[in-house]
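Structural features, examined
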Amino acid sequence: MEQSGVFHVRMRAAKGGAHEVGGMHISGGEKLSSYEKLTEHINELVEKAFSHSRGNPDYFQVKVEAVTEPISFVSPLKPIHYLVPSVEKGSLLVKNRLACCGIRKAVIEKGFQLLEENYHVRGALLIDVETGERIDGRKDRGVRVSAFDWHEKSFTWWLAENRLTEQVRMKEAVALASKVCAHEWTVAEVCWSDDPDYVTGYVASPLFGYERVSQLKTEGDHRGGRLLFVRQDGNLDTYIHYLEKTPVWIGWEEEK
Ligand code: WAQ
Ligand code: MG
């Protein structure tokens, strides 16, 4: 059968049953795929979920939906790397960078506290940049940023431009952060992994790009998450719709 167009692929996996019946989140993934690449991409998601350092899932779901809207391009953020000697220094650095984005200290502290109380959430927590309150109302789900992927040629250009070699983890995180930071309501994003073997995290912002920090937690720790500091300027549903549903390619439409 011939098929054209692009498909939005989403995966989630849990242990102890599905997420909605209390299963522990193991892994999630999102891709945009051509029909020809669907099998390959779904296999990658199977691999990702079933060889995960958080454990073996007993629940796995993949959703595939045809993209019907035109897909726009979003430029990838510029990466910067910071090597820090300890988690404490890493965390301080992130807080300083957030302050440089114009976020008040009290709001930053409140955001971090909310993250610490909500490590089990499988999406991002949206934080009002004025009040420090959580505004997504999504409880244990949070907001899952989806419907984005690298335009593959652009990824090659981006690697060359920044003298980097491919790292899957960073590739996914830069793509996600680039989509998030392309929206004018986003002030900054902070993330560290919930995978016990991955201690590098980042702070991303439209102002300063993708600032990667070598240590934001200690090895062996299962706690991680994402915070989006948001300057709300209208109906929050439109922002959440952008994050979850609006399809974007990360890259440049024209050859670099
Ligand atoms: N949308 C929103 N939140 C998400 C998403 C998503 N698509 N995927 C994950 N999260 C949340 C969720 O709460 C996870 O617990 C948390 O983020 C961490 O997810 O070397 O691997 O996929 O430059 O474990 C950052 C550094 C790695 C990369 C982040 O996150 C680098 C990482 P993970
Ligand atoms: Mg993870």
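Residues numbered from 1 in each chain as written. Chains lettered and ligands numbered in written order. Predicted model: local features only at pLDDT ≥ 70, side-chain atom pairs only at ≥ 80, totals over all residues. Heavy atoms only, no water.

1. Observations regarding the environment of His19
As a reminder of what qualifies: The way it works is that DSSP assigns letters per residue, a run of H or I at least four long becomes a helix, a run of E at least two long becomes a strand, and they are numbered from the N terminus. Whether a residue is buried, partly exposed or exposed follows from its accessible area with a 1.4 Å probe, protein chains only, as a fraction of its type maximum: under 20%, in between, or over 50%, in that order. Two N or O atoms count as a polar contact when they lie within 3.5 Å, although within protein this holds only if one can serve as hydrogen donor and the other as acceptor, and sequence-adjacent residues are included solely when both atoms are side-chain atoms.
In this structure, His19 sits in the loop between strand E1 (6-15) and strand E2 (24-34). A residue is classified by how much of its surface remains accessible, and His19, at 11% relative accessible area, is buried. Taking the C-alpha atoms as reference points, His19 and Arg122, 103 residues apart in sequence, are found 8.9 Å from one another. There is a polar contact of 2.9 Å between the side chain of His19 and the side chain of Arg12.

2. Some remarks on the sheet that holds strand E11 (residues 225-230)
Applied cut-off: One bridge is not enough; two strands pair if DSSP finds at least two bridges between them. Only the contacting stretch of a helix is used when fitting its axis, a line to C-alpha atoms as for every element, and angles between N-to-C directions run 0 to 180 degrees. By definition, residues are in contact when any of their heavy atoms lie within 4.5 Å.
Taken together, the six strands give an open sheet; going across it, the order is E5-E10-E9-E8-E11-E6, and neighbouring strands pair in mixed fashion. The open sheet is flanked by strand E5 (79-82) and strand E6 (124-128), the only strands paired with a single partner. Each strand of the sheet is rotated relative to its neighbour by a mean of 15°, with strand direction disregarded. Of the strands in this sheet, E6, strand E8 (186-192) and E11 are in contact with helix H3 (residues 105-117), which crosses E11 at around 145°.

3. A few points about the site of ligand 1
Defined as follows: We define proximity as follows: a residue is near a molecule or strand when any one of its heavy atoms falls within 4 Å of that partner. We get accessible surface area from the Shrake-Rupley algorithm with a probe of 1.4 Å; when it comes to residues, only the shown protein chains can shield them. Residue polarity follows a fixed list, in which Ala, Val, Leu, Ile, Met, Phe, Trp, Tyr, Cys and Pro are nonpolar, Asp, Glu, Lys and Arg are charged, and the others, Gly among them, are polar.
Around ligand 1, a shell composed of 25 residues is seen, among which Val145, Ser193, Tyr198, Tyr210 and Arg212 lie nearest. Within the side chain of Arg169, an N or O atom sits 2.8 Å from an oxygen atom of ligand 1. Between an oxygen atom of ligand 1 and a side-chain N or O atom of Arg226, the distance comes to 3.1 Å. Calculation on ligand 1 without its partners gives an accessible area of 700 Å², and the protein chains cover 94% of this total. Where the shell around ligand 1 is concerned, the elements lending two or more residues are helix H5 (168-181), E8, strand E10 (209-213) and E11. The dominant element in the shell around ligand 1, judged by the number of residues it contributes, is H5, at four residues. When grouped by side-chain class, the residues that make up the shell around ligand 1 number twelve nonpolar, five polar and eight charged.

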